[in-house]
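Spelled out, the chains give:
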Amino acid sequence: MMDIGFVMLGVMPMREIVVGRVARPLKVLRPDQPRPKDKKEYLAFDRPKHVKLVTSFVLKGENGGTTVTAELRATATDPGTARWIARAWPVVGPPSEAFARGWLEAIAKRVATTSTPPPTL
């Protein structure tokens, strides 16, 4: 994720990882997006017509194993973009959720092919 513009926003070891990214709506996958280099730059970013995306991966111990969930959030850098997101979310939300499912599947695959079992929380 870090190689596609995400920056680390927070880590609670063995509990949660939070990453963020800045993008223009409908141009999220383009390589010419702004790329804050760290948490400080991410938090300070306020260029209009952009969204600040946050993904949180939470680990929860249950049934003798660990469940990983993902939560996605987006906030606009200006009121016009916020209105656009509110109108467009029914359309752009499902693909965003598909990306999260893909990340979770990649985590599961990596855990399944690792010789060291993941710790149980």
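Before reading on, note that the structure itself is shown above.
Right, let's walk through the structure included here.

So, how was this worked out
- Residues numbered from 1 in each chain as written.
- Predicted model: local features only at pLDDT ≥ 70, side-chain atom pairs only at ≥ 80, totals over all residues.
- Heavy atoms only, no water.
- Helix = DSSP H or I, 4+ residues; strand = E, 2+ residues; numbered from the N terminus.
- Buried < 20%, exposed > 50% of the residue type's maximum accessible area, 1.4 Å probe, protein only.
- Areas by Shrake-Rupley, 256 points an atom, 1.4 Å probe, with all protein chains shown as cover.
- Patch = residues over 30% accessible without salt bridge, like charges linked within 9 Å, V, L, I, M, F, W, Y side chains within 5 Å.
- Salt bridge = Lys/Arg side-chain N within 4 Å of Asp/Glu carboxyl O.
- Contact = heavy atoms within 4.5 Å.
- Pairing = 2+ DSSP bridges.
- Bend = angle between axes of the 7 residues up to and from the residue.
- Polar contact = N/O pair within 3.5 Å; in protein donor to acceptor, adjacent residues only side chain to side chain.

### Details of the overall build of the protein chain
Helix and strand content of the protein chain: two helices and four strands. If you list the helices and strands of the protein chain from N to C, you get β-β-α-β-β-α. Counting only residues that meet the buried cut, the protein chain has 25% of its 121 residues in that class. Surface exposure of the protein chain reaches about 8,200 Å², of which carbon and sulfur atoms provide 60%.

### Notes on a nonpolar patch on the surface
A surface patch of nonpolar side chains, amounting to about 240 Å² of accessible area, comprises Met8, Val11 and Ile17. For Ile17, the location among the structural elements is in strand β2 (residues 16–23).

### Digging into the environment of Thr67
Note on placement: Thr67 falls in strand β4 (residues 65–76). Since its relative accessible area comes to 30%, Thr67 is described here as partly exposed. Separated by 41 residues in sequence, Thr67 and Ala108 have C-alpha atoms that sit 9.8 Å apart. Residues within four places of Thr67 in sequence aside, it is in contact with Val58, Leu59, Lys60 and Glu62.

### Here we look at the pairing of β4
Summarising the sheet, strand β3 (residues 51–62) and β4 pair through 12 bridges and their orientation is antiparallel. Paired with Leu59 across the strands is Val68, a residue of β4.

### What to know about helix α2 (residues 79–112)
Helix geometry: α2 is bent most strongly at Trp89, by close to 70 degrees, with proline Pro90 lying one to four residues after it. Those residues of α2 not exposed but buried are Thr81, Ile85, Ala88, Gly93, Ala100 and Trp103. Buried-residue contacts for α2 involve β3 and β4. Looking at where α2 begins, the residue whose side-chain oxygen comes 3.1 Å from the main-chain nitrogen of Gly80 is Asp78.

### Looking at unusual backbone geometry
One non-glycine residue, Met14, lies in the positive phi region at around 65 degrees. With respect to the helices, strands and loops of the structure, Met14 is situated in the loop between β1 (7–12) and β2. Residue Met14 is classed as partly exposed on the basis of its relative accessible area of 41%. Phi at Lys49 takes a positive value of approximately 70 degrees, unusual for a residue other than glycine. Assignment of secondary structure puts Lys49 in the loop between α1 (39–44) and β3.

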